[in-house]
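# Structural description and commentary
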Amino acid sequence: MDVKLNVQRYDPEKKTNSAYQQEYELDVPDEYTVLDTLIKVREDLDPTLALRCSCRASVCGSCAMRVNGQGTLACKTKLKDVIKNDGASVGPAGNMPVIKDLIVDMKPFWNKLRQVEPYLKPEDEDPVTNERLASNESMVHLTGVMNCIMCGACVSDCTAMEVNPDFIGPAALAKAYRFVGDPRDGESKERLKELSKENGIWDCTRCFYCVEVCPKEVAPMEWIMELRDKAMEAGFTNNYGARHTLAFVDSIKNTGHLNETLLPIKTWGFFNLPKLIAFLPVALRAILRGKTPPLIHKKIKGYKKIKRVYERLESEK
């Protein structure tokens, strides 16, 4: 199979000190993965090409990079599946500093992971006399999130982190749920309190990219949503994210549709003038484009049926 591999290169020692594209043409077997192809490029065509790899079996996570602009594991991605017009593009993982070529600095990734304190904090300090047991059901529930191999593919494609580098990110938050959801952990409420603060669970924009690119189907966004539910159940509702959610639910439940005029006011608070003033340009653009919601919010016909659905679900909790 004749292919053209367009690789993003970066050498910090070059005077230009900027990324550039380099194309390699080679013939590889049909069963080759992207990683196999990159290794062949390095061994046969260009020994200066820098990349990370280890297990080649989708276990270590070290070969995470972007293929055709999307985060993935190079060892798990068949080259023939990503070829477009006889070629494919490869670049380093996103949202992390590039060290050289396809190698990124993972320090920010590990720092965010440490931020969520990824270890059990049991109430009992003496496990010798009181063994810490967990039911089979509780651990089966956590098997999905425990499949994470810390490759960073989800972080690479997280749109929230592109806008806000301080956002804890999908990998760390999924890891946080692994301990919040563990019945042996004694500080789940404290964890939820910290995660409810700025740059935590409410900064996720639900773009679904972390779910789409995860090579182990961990679905980090789903665990972030679970953390939000648990945080609100624990009483941590005095923050923008929780108030936005409650205002949304209250509007749909009681009127049948969303009150877009009242939503930002309830989210930011009636007396939070700086936030409301900052929202004015958005409101002005909506007015100019004819997208202003009606000032008088009317209940839709049959809203009582919707309300009964909400009340039924609430009674089943």
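See the structure above.
This report concerns the structure included in the present document. (Residues numbered from 1 in each chain as written. Predicted model: local features only at pLDDT ≥ 70, side-chain atom pairs only at ≥ 80, totals over all residues. Heavy atoms only, no water.)

## Some points on the overall build of the protein chain
- What the protein chain contains, in helices and strands, is 16 helices and seven strands.
- Dimensions of the protein chain along its principal axes, counting C-alpha atoms only, are 70 × 70 × 40 Å.
- The buried share among the 317 residues of the protein chain stands at 41%.
- Within the protein chain, contacts between residues at least 6 apart in sequence are counted, and of these 63% link residues at least 24 apart.
- Total accessible area on the protein chain stands at roughly 18,500 Å², and carbon and sulfur atoms take up 52% of it.
- Charge-centre separation for the protein chain: the mean point of 46 positive side chains lies 8 Å from the mean point of 44 negative side chains. (Helix = DSSP H or I, 4+ residues; strand = E, 2+ residues; numbered from the N terminus. Buried < 20%, exposed > 50% of the residue type's maximum accessible area, 1.4 Å probe, protein only. Contact = heavy atoms within 4.5 Å. Areas by Shrake-Rupley, 256 points an atom, 1.4 Å probe, with all protein chains shown as cover. Lys, Arg positive; Asp, Glu negative; His and termini not counted. Charge placed at Lys NZ, Arg CZ, Asp CG, Glu CD.)

## Remarks on the sheet that holds strand β4 (residues 70–73)
- Strand order in the open sheet made by the five strands is β2-β1-β5-β3-β4, with mixed pairing throughout. Either end of the sheet is taken by a strand with one partner, and the two such strands are β2 (20–27) and β4. Put simply, the sheet's adjacent strands are angled 35° from each other on average, direction ignored.
- The pairing of strand β3 (residues 64–67) with strand β5 (residues 87–91) spans two bridges and is classified as antiparallel. (Pairing = 2+ DSSP bridges. Axes fitted to C-alpha atoms, helices over the stretch in contact; angles between N-to-C directions.)

## Side note on the packing of helix α8 (residues 170–180) against helix α9 (residues 188–195)
- The geometry of α8 relative to α9 is characterised by a closest axis approach of 9 Å and an angle of 155° between their N-to-C directions. Between α8 and α9, the angle falls in the class roughly antiparallel. As α8 runs across α9, the sense of the crossing is left-handed. In this structure, α8 contributes Leu 173, Ala 176, Phe 179 and Val 180 to the contact, and α9 contributes Ser 188, Arg 191, Leu 192 and Leu 195. (Parallel < 35°, antiparallel > 145°, perpendicular 65-115°, else oblique. Left-handed = near helix turned anticlockwise from the far one by under 90°.)

## Notes on the nonpolar core
- Ranked by internal contacts, the top residues of the largest apolar core, which has 42 residues, are Leu 173, Leu 195, Ile 201 and Leu 227.
- Listed by contribution, the elements that provide at least two residues to this core are α3 (107–115), α6 (153–156), α7 (159–163), α8, α9 and α11 (220–233).
- Among all residues touching Ile 201, those that are not within four sequence positions of it are Leu 173, Leu 195, Ser 196, Ile 224, Leu 227, Arg 228 and Ala 231.
- With 29 residues, the next largest nonpolar core counts Val 7, Leu 26, Ile 39 and Leu 73 among its residues. (Core = buried A, V, L, I, M, F, W, Y, C linked by side-chain atoms within 4.5 Å.)

## Overview of the pattern of salt bridges
- Applying the stated criterion across every chain, the model contains 14 salt bridges.
- A salt bridge links Asp 182 to Arg 184, with the shortest nitrogen-to-oxygen separation between them at 2.8 Å.
- Among the residues examined, Asp 182 registers a relative accessible area of 2% and is labelled buried.
- For Arg 184, a relative accessible area of 24% gives the class partly exposed. (Salt bridge = Lys/Arg side-chain N within 4 Å of Asp/Glu carboxyl O.)

## Here we look at a positive patch on the surface
- Positive charge collects at one region of the surface, where Lys 299, Lys 301, Lys 304, Lys 305 and Arg 308 lie side by side.
- In this fold, Lys 301 is placed in the loop between α15 (280–288) and α16 (303–315). (Patch = residues over 30% accessible without salt bridge, like charges linked within 9 Å, V, L, I, M, F, W, Y side chains within 5 Å.)

## Things to note about the environment of Thr 48
- Residue placement: Thr 48 occurs in the loop between α1 (34–45) and β3.
- On a C-alpha basis, the gap between Thr 48 and Glu 226 in space is 45 Å, while along the polypeptide they are 178 residues apart.
- Once you skip the residues sitting within four places of it in the chain, Thr 48 turns out to touch Arg 9, Lys 100 and Asp 101.

## Points about unusual backbone geometry
- The residue Asn 95 is not glycine, and still its phi comes out positive at about 60°.
- Inspection of the secondary structure assignment puts Asn 95 in the loop between β5 and β6 (98–100).

## Some details on the packing of aromatic side chains
- Using the criterion set out here, one finds three aromatic pairs in the structure.
- On the numbers, 4.9 Å between centres and 85° between planes, the contact of Phe 109 with Trp 110 is edge-to-face.
- Measuring from centroid to centroid gives 4.4 Å for Tyr 240 and Trp 268, while their planes differ by 65°, and the two rings are edge-to-face. Taken together, the residues Tyr 240 in helix α12 (residues 240–255) and Trp 268 in helix α13 (residues 262–268) connect sequence positions 28 residues apart.
- On the basis of relative accessible area, Tyr 240 is assigned to the partly exposed category, the value being 34%.
- The exposure class assigned to Trp 268 is partly exposed, which follows from its relative accessible area of 23%.
- Between the NZ or CZ atom of Arg 178 and the centre of the ring of Phe 179, over which it lies, the distance is 4.7 Å. (Phe/Tyr/Trp six-rings, centres within 6.5 Å; stacked < 30°, edge-to-face > 60°. Lys NZ or Arg CZ within 6 Å of the ring centre and 35° of its normal.)

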